[in-house]
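Chain and residue survey
One-letter residues, chain by chain:
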Amino acid sequence: MNEDTAAASAAQSRVGKKPDTSEPTVTAKRAPIIVCRKIVRSFWRAKERLDVLDELDLDIPEGSFEALMGPSGSGKTTLLNLIAGLDRPTAGTLTVAGTEVSAMGDAALAKWRSQTIGFVFQHFNLIPVLTALENVELPLLLTSLGSSERKKRAQIALRVVGLEDRMHHRPQQLSGGQEQRVGIARAIVHDPRIIVADEPTGELDRKSADDVLTLLERLNKEFDKTILMVTHDPAAAERATVVRKLDKGKLL
Amino acid sequence: MVPVRYNVRNLLVRRTTTLFAALGVGLVVFVLAASLMLNEGLARTLDRSGSPATAIVLRKGSDSEMPSSVEDRAISLIKVAPGVKQGADGQPMVLGESVVVLFQDLANGKGKSNATLRGMPLDRVQAFRPEVKIVEGRMAAPGSDEVVVGTRVVGRFEGLQIGQSIELRKARAVKVVGVFEADGSSFESEIWGDVEYIRSAFGREASVSSVRVKLDSPAAYDAFEVAVERDKQLGLEVMPELEFYSKQSENTSMFIVAMGSLIAVFFSIGAMIGAMITMYGSVAHRKREIGVLRALGFSRSAIMVSFLLESVMLSIIGAVLGTIAALGMGLVEFSMLNFTTFSEITFQFTATPEILVRAIVFGGVMGVLGGFLPAIRAARTPPIEAMRG
Amino acid sequence: MTLTSLSIKNIGHNWLRTILTVVGTAIAILSFVLIRTTLSAWEAGVDNAAQDRLSTIHRVTFVMPLPKRYFDEFNGARGRIDGVDVATFVNWVGHKHPVRETEFFATLAVDTATYFDVYPEMSVAPDRLAAWKENRQGAIIGEALAKQFGWSLGDEVTLLGTIYPGDWKYRIEGIYVATKKSVDRAQFLTHWSYLNDSLPEGQRDMIGWVASTVTDASRAADISAAIDTKFDDQDVQTRTMSEKALTMEFLGGASAILGALDIVSLVIMGIMMLILGNTIAMGVRERTHEYGVLLALGFRPKHIATFVVGEGLTIGLLGGGLGLLISYPLVEQGMGRWLEENMGAYFPYFSIPTSVAALALGMAVVLAGVAALVPAYSASKLDVITALRRIG
């Protein structure tokens, strides 16, 4: 308990140290990279239509680090899935990184994801039979890079997350925090413009969670990645530059 | 493409179920390879019995030597036909042989079977079949009641050890004096004795079953055939010896291949279901993993190919194991009734590179078929699975 | 709810896999039944062969004929043999269909006066029999053969000679039906006297074998010995044995194939066990967490093992039952009918023996139980904590 609060306040103080002026200017000046217009996403449960997202409008400027919060069932993961190109809206237009993803076919969408989006998952989702290095290298297999170049880039990504010494370990030989950092390395190795993170700290203890959040902050600041993070964790949300709240399919 | 080592390691991680499914495929491949090897062994054994530039003369309409009969006076006509080679002794190379099957007790006590007894002019055998070698005892003396037995039958039937004898009729026995080898040909499944002694024992004087003729060259065959078959009165039929032997194995070989293939096809359904179960299990177990691959941008076809590949690898493992086991069968001798001649022939399971390749390819095809539906299911996994808890 | 019903419910846990496993098992059972039925059909020849009918053949080789006068020693023309009721003789002719040369059937030149007395289980209408006896070139054929080649009464048929060269013309005078399944229903029966008269001088008056019925089946061995003693001082000696003994000896030649089929039928059982074991092992893996919960609730490892084995037995029973269910129409109606009609000479009697059906079902259940043993053992060795921790 004590440790947790201590960690949380430490995190807060770090947030406090951020230069206050930089954020608003960045968000204000830069063009939106994610544009949602009247997005509807409906599901049918036993013939009953359920609008998880209801004519939602949202602009996210490039280079921001946004947290999406809300009670479960509020539609935040659905929104994240749509923005990440894993799913398509029932109605409305969705433009991400200059591409209208709501109008794309499966194959085109897969290709687009592989170039534009980096994923960080709640359950890390590393392939258990592959080593850390091989997991990180995975997205690069969809590029035309040669094998030595792929390996080099994967090593660099692991160095960024501080796990270069663990590159030949399998996921089960790593701690949860380490696994998530490998997950982040995999999310950045192909240099996507946007990183989506679904409860990235959900499975982690406070200390590991803070490390992961710090890493995401760095990616946002140093590498100018636009980060969209769904979270329940207020401590995680505090690290974001913008926190948006979603309830019953609408932004508050 | 999804890296191959991803598949290899997944197979290794699930090694029990991989092994179960692979062994199922292996057993099918084993049955297929073994029956092809059996067929090959039979064909080789019979093929070795024939030599080029040799013709065989039989009664018209006879499939084999046993029901055929050629009268002695026909032999003298054959001797002067065109193209007949002259031996070193100045005699035409023509060999009249009397063939009967003996219904003998099997040495293993499991009933009786037919052994071929071939009577021939023993003094001319060496010139005709130089590959024949006595490996034990001595050659039977021409004009005597002695016989030599082939290596493959010596232990197969009762009464064929050196010093033992078989009675052909009252007070007409043949005595075993030696064992011979004949380069792995079907002759090794026979008993050889003097033609005069044997045919008189069965009251078949003045005729033989078949006549073999060495020709000057393979090119001389056509003229020889025309000359012998021209005389309709004689009612004879000429065939190249090689063709004769391949015809001898035709029925039996068809039976072996048909039965082997039928069984393999039947069984492969079972083994494919085994592979399918394993692959479906694998797909279900790795749903989230597949979702992640899809989220990262791997296409449906890449996932499909990856799972098909995994299924093929699994079956190839089985196929290789099955083939190795089948190779082990190469050490086993197999005796069966040749349906055409009604006599027993002993041969070995014989592997050829072609058979091995065919067996392994068959296993691979089973992997493709068995893995197809699971691979489709894998490919259909939506990327959103990656986000599910 | 009982423990058994829980283990049966588990089978519904993964429907697709259960169905695949049951189908796989059923196909294995079908193959097993098919092979075993073929084997027993082959052997049915032995079981159904008469014990009270003797065959007298050349002692050394069945390809050599006996003098016709030997037969006269049986029927009273030159003597009688004590204990022999009626006798007939047969010559193997070996004709072939002129076009469909590969389709084997037995052509026999028989003694028209006595043949059907010795083989009462071959039944032919009296007027047809009389007509056949009248016509030297007449033939009586089996119903299966008639169907095979589309021959009917009154047809003129030309067959191709092999042992006896030339074209042989016959007229179908009668068609016999079998009153017992052991009878070859594809024989082509011609007059021996017609054959004999057509042969050159030196080859005449020879017969293939003598068949005789005995008055008392229990004395068959003694009577056989008496027959052989009678001809012992002759040039050609004989060997006499019951039809059953002869058939058994002939099967010796096929023993290698029978043995191979035997092994193959075991191989399919091996494949079946692998499929079953695989399914059960996968089910256990997936339900590790569930088993952990059961253990935590206070179930004992032996209960877990019982679930697993119970599941295996149920799947085995389902697969075995389904296998038998499809075997009967496929093997008996489809294949059996076809074989009896087209290859009646080899398989006069093709139906699934009860013992094979029982064995198949028993094997399915027992092997399923055995296949479940290893997964059951490992499931019973589960530690509650690890089992609960493992998901999926």
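Only a predicted model underlies this, so the values are computations on that prediction, with no experimental measurement involved. (Residues numbered from 1 in each chain as written. Chains lettered and ligands numbered in written order. Predicted model: local features only at pLDDT ≥ 70, side-chain atom pairs only at ≥ 80, totals over all residues.)

1. A closer look at the overall build of chain A
Counting its regular elements, chain A contains 9 helices and 10 strands. Relative to its full complement of 252 residues, chain A shows a buried share of 48%. (Helix = DSSP H or I, 4+ residues; strand = E, 2+ residues; numbered from the N terminus. Buried ≥ 20, exposed ≤ 12 C-beta atoms within 10 Å, placed from the backbone.)

2. Concerning the interface of chain B and chain C
Counting residues at the interface gives 49 residues for chain B, matched by 46 residues for chain C. Sorting elements by how many residues they give to the side of chain B that touches chain C places helix 8 (residues 250-285) of chain B first, with 14 residues. Considering only residue class, the side of chain B that touches chain C consists of 26 nonpolar, 15 polar and 8 charged. (Contact = placed C-beta atoms within 7 Å. Nonpolar A, V, L, I, M, F, W, Y, C, P; charged D, E, K, R; others polar.)

3. Examining the interface of chain A and chain B
Contacts between the two partners involve 23 residues from chain A, matched on the other side by 21 residues from chain B. Listing elements by their share of the side of chain A that touches chain B, those giving two or more residues are helix 3 (76-83) and helix 4 (106-116) of chain A. Top element by residues in the side of chain A that touches chain B is helix 4 of chain A. It accounts for 6 residues. Residue composition of the side of chain A that touches chain B, grouped by class: 12 nonpolar, 6 polar and 5 charged.

4. Quick word on the pairing of strand 13 (residues 333-338) of chain B
Residues and elements named next belong to chain B. Bridge count for strand 13 against strand 14 (residues 343-348) is 6 bridges, and the pairing is antiparallel. Across the sheet, residue Ser335 finds its bridge partner in strand 14, namely Thr346. Here strand 13 folds back onto strand 14, and the loop between the two strands holds 4 residues, one of which, Phe342, carries a positive phi near 60 degrees. (Pairing = 2+ DSSP bridges.)

5. Brief notes about the pairing of strand 4 (residues 91-96) of chain A
Residue and element names in this part refer to chain A. Note: strand 1 (residues 32-45) against strand 4, 5 bridges, orientation antiparallel. Within strand 4, the position partnered with Arg37 by the bridge is Thr93. Relative to strand 5 (residues 99-100), strand 4 runs antiparallel, the two sharing 2 bridges. Across the sheet, Val96 pairs through a bridge with Thr99, a residue of strand 5. Two successive antiparallel strands, strand 4 and strand 5, enclose a turn made up of 2 residues, where Ala97 displays a positive phi of approximately 50 degrees.

6. Details of the sheet that holds strand 5 of chain A
Within the open sheet, the 4 strands sit side by side as 2-1-4-5 (chain A). Their pairing is antiparallel. Looking at the sheet topology across the chains shown, the edges are occupied by strand 2 (48-61) and strand 5 of chain A.

7. Observations regarding the sheet that holds strand 8 (residues 226-230) of chain A
Residue and element names in this part refer to chain A. Strand order in the open sheet made by the 6 strands is 6-7-8-3-9-10, with mixed pairing throughout. At either margin of the open sheet sits one strand with a lone partner, and together these are strand 6 (117-120) and strand 10 (250-251). Taken together, the 5 bridges between strand 7 (residues 194-198) and strand 8 define a ladder with parallel strand orientation. Within the sheet, the bridge partner assigned to Ile195 lies in strand 8 and is Ile227.

8. Observations regarding unusual backbone geometry
Backbone phi values are negative for most residues with the exception of glycine, while trans is the configuration of most peptide bonds. Its identity as a non-glycine residue notwithstanding, A:Asn125 has a phi of 55 degrees, on the positive side. You will see that B:Ala53, though not glycine, has its phi angle at about 55 degrees, which is positive. When the 18 C-beta atoms within 10 Å are taken as the criterion, B:Ala53 is described as partly exposed.

9. What to know about the confidence of the model for chain B
Mean pLDDT over chain B: 88, with 100% of residues reaching 70 or higher. Both scores are available for the predicted complex, with the pTM at 0.77 and the ipTM at 0.78. (pLDDT = per-residue confidence, 0-100.)

10. A few points about the packing of helix 2 (residues 15-49) of chain B against helix 10 (residues 255-286) of chain C
In helix packing, the relevant descriptors are the interaxial angle and the interaxial distance, both defined with respect to the helix axes. Running from amino to carboxyl end, helix 2 of chain B crosses helix 10 of chain C at an angle of 165 degrees, the nearest separation of the two axes being 9 Å. Between helix 2 of chain B and helix 10 of chain C, the crossing angle belongs to the class labelled roughly antiparallel. The element helix 2 of chain B and its partner helix 10 of chain C pack so that their crossing is left-handed. For the pair helix 2 of chain B and helix 10 of chain C, contact is made by B:Thr16, B:Thr17, B:Phe20, B:Ala21, B:Leu23, B:Gly24, B:Leu27 and B:Val31 and by C:Val264, C:Val267, C:Gly270, C:Ile271, C:Leu274, C:Ile275, C:Gly277, C:Asn278, C:Ala281 and C:Met282, respectively. Here the residues of the contact of helix 2 of chain B with helix 10 of chain C sort into 12 nonpolar, 6 polar and no charged. (Axes fitted to C-alpha atoms, helices over the stretch in contact; angles between N-to-C directions. Parallel < 35°, antiparallel > 145°, perpendicular 65-115°, else oblique. Left-handed = near helix turned anticlockwise from the far one by under 90°.)

11. A look at the environment of C:Thr112
Residue and element names in this part refer to chain C. Examined against the element boundaries, Thr112 turns out to sit in the loop between strand 4 (106-110) and helix 4 (115-118). In sequence terms Thr112 and Glu134 are 22 residues apart; their C-alpha atoms lie 9.6 Å from each other. In this structure, Thr112 is in contact with Trp132, Lys133 and His191, ignoring residues within four places of it in sequence.

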